[in-house]
Amino acid sequence: MPSKVEGWKDEIYGTEVRDHLYEFAEEGWDAIPEDEHDAWFERFKWWGLYHQRKGQESYFMMRVGVPMGRLTPEQLRVVGEVAREYATGPVENPEFGGAYADFTTRQSIQLHWINVEDIPDIFERLEAVGLSTIQACGDSWRNIVGSPVAGRDADEHLDVWPIVEDLHEEFKGNDLYANLPRKWKVAVTGDTRGAGQGDINDLAFEPAVKEIDGEEVKGFNVRVGGGLARKEPRFARDIDVFCKPEDVGTVAAGLSALFRDHGDREDRFNARIKFLVDEWGTEKVRAVLQDECVEYDLPAAGDNLRDQYDYNAGRADAPGDYVGVHDQHDGDHFVGLSVLVGRMGADEVIELADLAESYGSEMIGVTQRQNLIVGDIASEDLDDFLGESLLETYSPDPHPFLRGSIACTGTEYCSLSIVETKNRMVRYADWLKKNVPVPDGVEDFHIHLSGCTASCAQPQIADISLRGMKTRKDGDPVEAFDVGLGGGLGENPQFADWVEMRVAADEIPGYIRNLLAAYDERRESGQSFRDFVADRDEDELQALADPEETDYEDPYMHNTKMTWYPYADEDDLDASPAPTDPQDEPLPSDD
Amino acid sequence: MVVSVHQLDDGAWLSVNDERTVPVSQLWLLARHDICDCEQADFLAEGFVEVGVDWPDVEGRIAGQCIACGASGVTDWLAMGRVDRETGAFRKVVPSSVHVPRRRTKLATPE
Ligand SMILES: [Zn+2]
């Protein structure tokens, strides 16, 4: 029997949800029938709106999908202005203030505290500059990821930006693919770095070459069924298909139709295509694609370029991100800036947009490591640009612990998270910077902190993986983490080994200090942390270091999930002002 | 009286009559369970897998793990609370008191 969510989607889903959103916006929060909340909030996701967690009723997270993370300075400025004007709630965040934007691991932008009444105005502002929230959440084609510097990067196989623009145009708002069994995440990689991180997507186009009719053709190999969620991580699997650039749309349409028609609509926990690939095997996926979904003979896979991949690959010989100054093929430079945990104040977003524009940049990129890139900086302007005061905070040459830290949304807003995340990661990074010597040669050290098994911070593919948990300390429940080591992508992707379980959150910094001391002392010369971990079995890894309390202080040890907002002075659920009007004043209760 | 129950947002919470009632992240004390060998499992709720109504009880199966021993699993059916016959109001159980999961004979509401 189809799931209840499928029933709601059958009634109303896709583009038509927008008309209803506008009606609710006109009439206000109370117009959403109370006994239809669950159905409507499920449908709103299709338009990028996610109802915030318990205690924050009437507030929404709004996600803006940015194909390949590419923004113009004008678009970024509008994001900052919308954040400043609308993404404000009843209480400020102690680390980030009252209005900010989150840059996500899938190259999108998230704003919080959005009221339904403001949605039409926000849509108008965003759409005027070509941005949209369409299909940013929900069961459909999500934001297409890839390298934002496609067409600029000197280390490039193919410029995939025109391909991604075509896919975005074709599959957003397309009724044929509007209602899939579950989310559908696509990565298109045209660089030689592996920066699309295709291995963790439902569908990945990976750079490849193949000889066809005596000519070497540049194109893609196709992989299907990657994803990290729910303790069921899978890397995308090679289905032995080579795809010419002009066939990407056809193959993408075919595979998303295959998913639409054969994915599990009865059990949402079994719906992602990774489970269908488990069940069928890659040969059947290929056969069904060939027989039912495409009308030309699919060529066998070509030669891949995976041995060159260095993005989040934990290699000692190459940085694993875009931070710093890089060459473009036109002689200009792109400059990657570290944005700790991906969160930037609204005023700074606007400042960065203005700054980029003043240097003639036409592209600001959001990366999958929650950082930003400013493109098109001329050689003669480079020193001036690097000397700008905003780059003291968002640095192209950050401390390795700040540079490599990623965190998901966490209990601040998210229903699923078990623990507080972003503010804690900021505190961790700050403590590590002050107290832990960086082993020689380490430029970026990747710590991914995820609040739960949904794995939005990609915890299984980091040097150190932190996944939200609970433990007891002196009998009382406290927030904690499972700790994994040695994950990463690259030629041979590897999930982290889960080594220390249920470590109290305030003992994590001490653990990392002890672990890095052991690494520094025992590693072979020049050995990367990932290789150091790969050389050891689980017992050896466990013996390397112990968790330890230090002078690090963690203000979020109590159950932040049971607050209405973890940083409010009065944080009890009962103290919540929600639901509120757009001015954050409580609505009259009808009890 | 009709009671509608859902688990939503990837099993993040139990909704009763379109109101979010029981979230993940709480510790449930389980006795006579088959999650692990602990006499009483100190069970962290990480996700609601199935929910249903066995009037007047609202029940669910929870994915999670015992934080005493580390074993992961999905519980049998647990009573999450009860709907008041007169008013329809939902009263949830206290997770930290002892709960005994049980197998179900009737079909639950599919999610
Ligand atoms: Zn146990």
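What you are looking at is a predicted structure, and each value in this text was computed from that prediction instead of being measured.

A. Up close: helix H9 (residues 282–293) of chain A. All names here are of chain A. For H9, which comprises 12 residues, the first-to-last C-alpha distance of 15 Å matches the rise-based estimate of 16 Å (1.5 Å per residue) to within 8%. What H9 keeps buried is the set Val285, Arg286, Val288, Leu289 and Gln290. On its buried side, H9 packs onto strand E9 (237–243), helix H7 (248–262) and helix H8 (273–280).

B. View of the domain arrangement of chain A. Residues and elements named next belong to chain A. Under the domain assignment used here, chain A contains domain 1 (4–127), domain 2 (161–308), domain 3 (325–397) and domain 4 (403–562). Centre-to-centre separation of domain 1 and domain 2, based on C-alpha positions: 29 Å. The partner domain 2 presents 15 residues to the 12 residues of domain 1 that form the contact. In total, about 1,200 Å² of surface goes out of reach between domain 1 and domain 2, with carbon and sulfur atoms giving 55% of it. On the domain 1 side of the interface with domain 2, the three residues burying the most area are Glu6, Met68 and Arg106, jointly 40% of the side's total. The interface formed by domain 1 and domain 2 includes two salt bridges. Here Glu6 ties to Arg265 by a salt bridge, and the two come within 3.0 Å at their closest N and O atoms. Where domain 1 packs against domain 2, one counts five residue pairs in polar contact (both at pLDDT 80 or more).

C. Summary view of the packing of helix H1 (residues 4–11) of chain A against helix H3 (residues 37–44) of chain A. Residue and element names in this part refer to chain A. The N-to-C vectors of H1 and H3 enclose an angle of 70 degrees; their axes lie 10 Å apart at closest approach. When the axis of H1 is compared with that of H3, the two are roughly perpendicular. Each of Val5, Trp8 and Glu11 in H1 lies in contact with H3, whose residues at this interface are Asp38, Ala39, Glu42 and Arg43. In terms of residue class, the contact of H1 with H3 is made up of three nonpolar, no polar and four charged.

D. How the structure looks around the pattern of salt bridges. Within this structure, the stated rule accounts for 47 salt bridges over all chains. We note a salt bridge from Asp354(A) to Arg77(A), for which the minimum N-O separation is 2.7 Å. Taken as a pair, Asp354(A) in helix H10 (residues 346–358) and Arg77(A) in helix H4 (residues 73–86) lie far apart in primary sequence, 277 residues in all. Look at Arg77(A) and you get buried, because its relative accessible area is 17%. Where Arg182(A) meets Asp10(B), a salt bridge forms, and the shortest distance between an N and an O atom there is 2.3 Å. Of this pair, Arg182(A) sits in the loop between helix H6 (161–171) and strand E6 (186–188) while Asp10(B) sits in the loop between strand E1 (5–8) and strand E2 (13–16), each in a different chain. Relative accessible area serves as the criterion here: at 25%, Asp10(B) is assigned to the partly exposed category. Salt bridges here are not isolated pairs; linked through shared partners, they connect Glu6(A), Lys9(A), Glu42(A), Lys45(A), Asp139(A), Arg265(A), Arg268(A) and Asp9(B).

About the cut-offs
Residues numbered from 1 in each chain as written. Chains lettered and ligands numbered in written order. Predicted model: local features only at pLDDT ≥ 70, side-chain atom pairs only at ≥ 80, totals over all residues. Heavy atoms only, no water. Helix = DSSP H or I, 4+ residues; strand = E, 2+ residues; numbered from the N terminus. Expected span 1.5 Å × (residues − 1). Buried < 20%, exposed > 50% of the residue type's maximum accessible area, 1.4 Å probe, protein only. Contact = heavy atoms within 4.5 Å. Domains from an automatic or database assignment. Buried area = accessible area lost by both parts, 1.4 Å probe. Salt bridge = Lys/Arg side-chain N within 4 Å of Asp/Glu carboxyl O. Polar contact = N/O pair within 3.5 Å; in protein donor to acceptor, adjacent residues only side chain to side chain. Axes fitted to C-alpha atoms, helices over the stretch in contact; angles between N-to-C directions. Parallel < 35°, antiparallel > 145°, perpendicular 65-115°, else oblique. Nonpolar A, V, L, I, M, F, W, Y, C, P; charged D, E, K, R; others polar.

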